[in-house]
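Listed below, chain by chain, are the residues.
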Amino acid sequence: MRRLNLIAALLLAAAASACAPNPIIARDPIPAPGPTDVYACDSKPLPVNAFISDCKPVPASPQVILRARG
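Residues numbered from 1 in each chain as written. Predicted model: local features only at pLDDT ≥ 70, side-chain atom pairs only at ≥ 80, totals over all residues. Heavy atoms only, no water.

**Focus on the pairing of strand β1 (residues 39-46)**
Using the following cut-off: Two strands pair under a simple rule: DSSP has to find at least two bridges between them. Every helix listed is a DSSP run of H or I at least four residues long, and every strand listed is a run of E at least two residues long, numbered separately from the N terminus.
Bridge count between β1 and strand β2 (residues 50-57): eight bridges; the pairing is antiparallel. Across the sheet, the residue bridging to Ala40 is Lys56, located in β2.

**Looking at the pattern of salt bridges**
Let me state the cut-off plainly: Only one rule defines a salt bridge in this text: a Lys or Arg side-chain nitrogen within 4 Å of an Asp or Glu carboxyl oxygen. Only protein chains enter the accessibility calculation, which uses a 1.4 Å probe. A residue is then buried if its area is under 20% of the maximum for its type, exposed if over 50%, and partly exposed in between.
Counted according to the given criterion, the structure contains one salt bridge. Lys56 is the partner of Asp54 in a salt bridge, and the nearest nitrogen-oxygen pair spans 3.9 Å. Taking the relative accessible area as the measure of exposure, Asp54 reaches 41% and is therefore partly exposed.

**Focus on unusual backbone geometry**
A negative phi angle is the norm for most residues apart from glycine, just as the trans form is the norm for most peptide bonds. At Val48, a residue that is not glycine, the phi angle is positive and equals roughly 60°. Its relative accessible area of 79% is what places Val48 among the exposed residues. With a phi angle near 55°, Asn49 is a residue other than glycine that sits in the positive phi range. Locating Asn49 in the fold gives a position in the loop between β1 and β2. Residue classification places Asn49 among the exposed positions, given a relative accessible area of 78%.

**Some remarks on the state of the cysteines**
Heads up, the rule is: In plain terms, two cysteine sulfur atoms within 2.5 Å form what is called a disulfide here.
Tallying each qualifying case throughout the model produces one disulfide. In this model, Cys41 is linked to Cys55 through a disulfide, with the two sulfur atoms separated by 2.0 Å. One quick way to see it: the torsion about the S-S bond of Cys41 and Cys55 is about 115°, and its sign makes the bridge right-handed. Residue Cys41 is found in strand β1, and its partner Cys55 is found in strand β2; the two are separated by 14 residues along the sequence.

**Considering the confidence of the model for the chain**
What counts is decided by this rule: Known as pLDDT, the predictor's confidence for each residue is given on a scale from 0 to 100.
Averaged over all residues, the pLDDT of the chain equals 78, while 76% of them reach at least 70. For the chain, helix α1 (residues 2-18) is the element with the lowest average pLDDT, namely 70, and β1 is the one with the highest, namely 89.

What follows is the structure, given as structure tokens:
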């Protein structure tokens, strides 16, 4: 009888864990900047190892391509 109760409890626990909801996937609400985006950031320290960051977009300098013949 004891073995039957143990098996029933294990089956019930396995069934409950199999019906778990979809896993939670953390996503950043703000998408990462692209490779062509340029930002200037200023960080200020706060007490207890905290920082405040202020980032502003700045115009990107044109890409320079150097070619040499030799």
